[in-house]
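Chain and residue survey
Here's the letter readout for the chains.
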Amino acid sequence: MDVLVTQVFNGLSGGSILLLAALGLALTFGQMGVINMAHGEFIMAGAYTAFVMQQVLGAAGLSLLVSLPMAFLVGGLLGVLLEATLLRRMYHRPLDTLLVTWGVSLILQQLARDVFGTAGVDVPAPGWLSGPVEVLGFSFPRSRLFILALAIAAVVALSLALRLTPLGRRIRATVQNRQLAESSGISTRRTDVLTFFIGSGLAGVAGVVLTLMGSISSNLGTSYIVDAFLVVIVGGIGQIKGAVIAAFVLGTVQSWVEYSTTASIAKVILLALVVAFLQARPQGIFQVRTRSLA
Amino acid sequence: MSEFDTAASRVSALRGRWAVLVGFGVAAVLLFAVAPAVLTSFRLGLLGKYLCYAMVAVGIGLAWGRGGMLVLGQGVFFGIGAYLMAMHLKLADAGADGVPDFMALISSSGVPGWWEPFRSGWVTLVAILVLPALLAALLGLATFRRRVRGAYFAILSQALAAAFAILLIGNPTATGGSTGLNNFVGFFGFSLRDPVNRQMLYFIAAGVLLAMLLLVRQLMVSRYGELLVACRDSEERVRFLGYDPATVKTVAFAVAAMMAGIGGALFVPIVGIISPNDVGIVPSIGLLIGVAIGGRTTLAGPVLGAIAVAWAETSLSEQFPSGWTYAQGLMFMLVVAFLPGGLASLGAVRGLRRKIAAADPTVAAETADGDPAPVPATEPRHAHGGAQA
């Protein structure tokens with residue numbers, strides 16, 4: 001029983017971290033078709049934003065709350081910069097965006113190493129997030145619960161924004177039929193930029209959250225980017241709910257496999273499971289029905 | 001097809017064949033006569049290392065440039081070949097029933113069972129040729145048959161590289177962990193300390209590379225090569241014509257994996273070390289930049305690009321350690337975004353003019369240096385709409 005509760009919680013917690021890292025990708029990769037390898041470095045930028053905020057403000061609690069919107073802004077602006085300079089001319093060859101953004105990610109990592117040093121830096125968690133919470137005799141770390149709550153809040157906010165706001169309507173219209181959206185008077189160009197801003201901003205938020213998990217260094221992004229892409233692939237493109245389910249399923253599977261084997265074996269088994277899953281559903285959990293051949 | 005057209009295409013095919021023959025002749029003279037005479041034995045060893053990377057690049061050129069498969073996990077196949085060779089060398093150095101030195105240091109349980117077959121040189125050589133190709137064939141069939149492709153395939157191959165590196169680091173008693181395997185003494189009975197033997201290794205690498213280029217050249221001009229390009233440009237149409245694109249693509253992927261494995265196997269005795277740093281995501285994707293710069297669809301471009309990039313890396317990172325990463329990142333950004341055909345496409349403007357005069361579509365496939373649209377639309381146009389596979 002003890003093991004069960006701990007493992008389920010670990011799965012949910014791991015899944016919520018995966019979800020935060022993958023949510024922005026679900027937007028930029030899933031909806032726009034751009035494979036942004038620099039997404040991981042936007043996460044890293046968010047984490048370093050939290051570090052800088054803490055150096056400036058001092059108080060851990062206040063700086064965490066300030067860092068969340070700041071990191072959203074930093075990540076989003078980096079994304080807009082990338083979109084406006086490089087990606088906008090590459091929408092018709094999505095595979096090449098992978099290599100171009102890989103170059104960007106190499107540069108951002110080296111920049112972080114040159115500015116912040118190669119050693120990891122710590123961002124101490126505020127007092128109200130340290131220590132465990134006791135529920136029914138089980139203790140859960142407060143920081144993990146905070147991450148879980150934040151992940152859920154981000155999903156809810158994003159899906160509400162997509163469903164209810166004018167911007168969300170424009171994004172959905174552009175995704176569903178670009179030409180028709182354009183002829184209805186929607187500026188698809190501006191919609192692309194805004195979508196990229198939101199998606200990259202979410203990466204920044206994920207970065208702030210990761211500072212609660214341990215020290216941060218320049219290779220923070222690389223350790224999450226592949227898993228995040230796997231989440232989007234398993235979830236199926238074009239829909240947020242696929243990413244949500246996939247993140248929690250992958251998180252749970254990983255925590256169980258890790259429990260019965262080792263972390264390194266777990267990675268291999270997880271990849272094998274993803275390949276096996278794609279045999280059954282090559283387009284992920286949720287498939288957008290189209291009449292295109294694929 | 002008028003008679004004139006066929007005659008013209010025959011002439012240009014003949015011209016292409018001569019160009020290739022001359023190219024191979026020049027390459028052979030450079031590699032076998034000029035380089036050993038000009039370079040010091042240290043520099044010749046470095047060139048041998050670049051040739052190993054070039055072997056991987058030949059395979060990438062086939063799979064990515066010709067087949068449209070963005071292979072981001074070639075480090076895995078390179079690593080399998082390299083580790084197999086390294087295991088055999090370690091066991092051979094330890095002598096019959098001996099335990100390799102690093103293993104004796106960190107564990108007392110002796111040689112793991114799955115190492116034992118590689119005491120035999122023949123088993124090792126066969127495994128180097130077979131295992132990478134087999135793994136690639138399995139992964140290729142599993143994904144291509146279900147029409148998983150494009151970005152999905154690229155990310156899966158990248159995840160494979162990540163998992164492989166993590167697996168190597170996680171098992172230090174069997175694979176040397178993050179330090180990897182190094183300090184080899186002999187190579188199939190020859191001492192690696194002897195400069196004559198080291199030069200012989202370089203000659204082997206050069207010969208293998210030329211043989212690979214000949215093989216890829218044959219594949220390119222064969223009916224199979226045409227099918228592969230057709231799969232890249234319009235997979236659905238190939239399927240409607242009655243071919244199975246999954247098989248066509250799997251063959252190219254497996255051949256590319258085999259070449260990477262051979263490159264890895266030769267890398268070990270030439271360089272003297274193999275570690276997870278040579279096989280993970282970063283080196284795997286790093287192998288692509290040379291191919292992109294040289295021209296991914298051409299025959300010689302990937303090789304020249306890979307050698308040039310590896311040479312630049314050695315000379316740049318000697319002087320500015322962090323500068324190389326910036327340079328690599330910039331190359332990825334600028335070349336792929338603004339010069340997707342690589343440097344080879346700069347000559348295409350000249351070739352294009354000639355081609356309009358000849359009005360012959362086979363020139364591009366034959367000479368491979370005058371391809372006016374070297375970059376395939378690897379995804380259908382509607383991909384932007386978010387509805388792609």
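Heads up: these notes are all about the structure in this document. Predicted, not measured: the structure shown is a model, and the values here were computed from it.

1. Concerning the overall build of chain B
Helix and strand counts for chain B stand at 16 helices and 4 strands. Evaluated residue by residue, chain B yields a buried proportion of 54% over its 389 residues. Taking contacts inside chain B between residues at least 6 apart in sequence as the whole, the part at least 24 apart equals 77%. As displayed, chain B offers around 16,500 Å² of accessible surface, 69% of which is attributable to carbon and sulfur atoms.

2. Observations concerning the overall build of chain A
When its secondary structure is counted, chain A shows 11 helices and 2 strands. In sequence order, chain A lays out its α and β elements as α-α-α-α-β-β-α-α-α-α-α-α-α. Relative to a compact globule of 294 residues, whose C-alpha radius of gyration would be 19 Å, chain A shows 19 Å and is just as compact. Once the C-alpha set of chain A is aligned to its principal axes, its extents read approximately 60 × 45 × 35 Å. Residues counted as buried form 55% of the 294 residues belonging to chain A. When contacts within chain A are restricted to residue pairs at least 6 apart in sequence, those whose partners lie at least 24 apart make up 76%. In the form shown here, chain A has an accessible surface area of approximately 11,900 Å², with 65% of it arising from carbon and sulfur atoms. In chain A, 18 positive and 11 negative side-chain charges are present, and the distance between their average locations comes to 15 Å.

3. Considering the interface of chain B and chain A
Listed per partner, the contact involves 54 residues of chain B and 52 residues of chain A. In this structure, the connection of chain B to chain A is made through 1 salt bridge. Arg296 of chain B is the salt-bridge partner of Asp96 of chain A, the closest N and O atoms lying 3.3 Å from each other. At the surface where chain B touches chain A, the tally comes to 8 residue pairs in polar contact (both at pLDDT 80 or more). Going through the elements one at a time, α5 (121–144), α6 (151–170), α10 (235–240), α12 (281–294) and α14 (323–338) of chain B are the ones with two or more residues in the side of chain B that touches chain A. Considering each element in turn, the side of chain B that touches chain A owes the most residues, 12 residues, to α6 of chain B. Class assignment of the residues belonging to the side of chain B that touches chain A gives a composition of 33 nonpolar, 15 polar and 6 charged.

4. Points about the pairing of strand β2 (residues 138–141) of chain A
Residues and elements named next belong to chain A. One ladder, built from 4 bridges, connects strand β1 (residues 132–135) with β2; its direction is antiparallel. Bridge pairing links Glu134 to Ser139 in β2. With antiparallel pairing between neighbouring strands as the criterion, β1 and β2 make up a hairpin whose turn holds 2 residues, including Leu136 at a positive phi of roughly 55°.

5. Overview of a positive patch on the surface
All names here are of chain A. Judged by side-chain charge, Arg163, Arg169, Arg170, Arg172, Arg190 and Lys241 come together as a positively charged surface patch. Considering each element in turn, the positive patch owes the most residues, 3 residues, to helix α6 (residues 166–176). With respect to the secondary-structure elements, Arg169 resides in helix α6.

6. Observations regarding the nonpolar core
By size, the foremost hydrophobic cluster in this structure holds 209 residues, and its most contacted members are Phe29 and Leu99 of chain A together with Leu70, Trp115, Leu181, Phe253 and Ile274 of chain B. Considering every element that reaches this core, the biggest residue donor is helix α2 (residues 41–66) of chain B, with 16 residues. Excluding its chain neighbours within four sequence positions, the residues that come into contact with Leu99 of chain A are Trp64, Leu70, Leu72, Ile285, Leu288, Phe332 and Val336 of chain B.

7. Structural notes on the packing of helix α5 (residues 142–164) of chain A against helix α10 (residues 240–260) of chain A
Residue and element names in this part refer to chain A. At their nearest, the axes of α5 and α10 sit 11 Å apart, and the two run at 165° to each other. Comparing the axis directions of α5 and α10 gives the class roughly antiparallel. When you trace α5 past α10, the crossing you get is left-handed. Contacts between α5 and α10 involve Leu148, Val155, Leu158 and Leu162 on the former and, on the latter, Ile240, Val244 and Phe248. Of the residues in the contact of α5 with α10, the class split is 7 nonpolar, no polar and no charged.

8. Some details on helix α9 (residues 220–235) of chain A
Residues and elements named next belong to chain A. The first and last C-alpha atoms of α9 sit 23 Å apart over 16 residues, in line with the 22 Å expected at 1.5 Å per residue. Along α9, 14 of the 16 residues are buried, which leaves the element largely enclosed by surrounding structure. In the stretch just after α9, Gly236 is the one whose phi turns positive, near 95°.

9. Quick look at the pattern of salt bridges
Counted according to the given criterion, the structure contains 12 salt bridges over all chains. Residue Glu83 of chain A pairs with Arg189 of chain A through a salt bridge whose shortest N-O separation is 2.9 Å. Taken together, the residues span a long stretch of sequence, with Glu83 of chain A in helix α3 (residues 60–85) and Arg189 of chain A in helix α8 (residues 188–210) at a distance of 106 residues. Accessibility expressed as a relative area gives 28% for Arg189 of chain A, which makes it partly exposed. One network of salt bridges, with partners in common, ties together Glu235, Glu236, Arg239 and Lys249 of chain B.

10. Quick notes on a nonpolar patch on the surface
All names here are of chain B. Side chains of Trp18, Leu21, Val22, Val26, Val29, Leu30, Val34, Val38 and Leu39 sit close together on the surface and give an oily, nonpolar patch of about 850 Å² of accessible area. Topologically, Val29 is positioned in helix α1 (residues 3–38). Its relative accessible area of 48% is what places Val29 among the partly exposed residues.

Cut-offs and rules
Residues numbered from 1 in each chain as written. Chains lettered and ligands numbered in written order. Predicted model: local features only at pLDDT ≥ 70, side-chain atom pairs only at ≥ 80, totals over all residues. Heavy atoms only, no water. Helix = DSSP H or I, 4+ residues; strand = E, 2+ residues; numbered from the N terminus. Buried < 20%, exposed > 50% of the residue type's maximum accessible area, 1.4 Å probe, protein only. Contact = heavy atoms within 4.5 Å. Areas by Shrake-Rupley, 256 points an atom, 1.4 Å probe, with all protein chains shown as cover. Rg over C-alpha atoms; globule rule 2.2 N^0.38 Å. Lys, Arg positive; Asp, Glu negative; His and termini not counted. Charge placed at Lys NZ, Arg CZ, Asp CG, Glu CD. Salt bridge = Lys/Arg side-chain N within 4 Å of Asp/Glu carboxyl O. Polar contact = N/O pair within 3.5 Å; in protein donor to acceptor, adjacent residues only side chain to side chain. Nonpolar A, V, L, I, M, F, W, Y, C, P; charged D, E, K, R; others polar. Pairing = 2+ DSSP bridges. Patch = residues over 30% accessible without salt bridge, like charges linked within 9 Å, V, L, I, M, F, W, Y side chains within 5 Å. Core = buried A, V, L, I, M, F, W, Y, C linked by side-chain atoms within 4.5 Å. Axes fitted to C-alpha atoms, helices over the stretch in contact; angles between N-to-C directions. Parallel < 35°, antiparallel > 145°, perpendicular 65-115°, else oblique. Left-handed = near helix turned anticlockwise from the far one by under 90°. Expected span 1.5 Å × (residues − 1).

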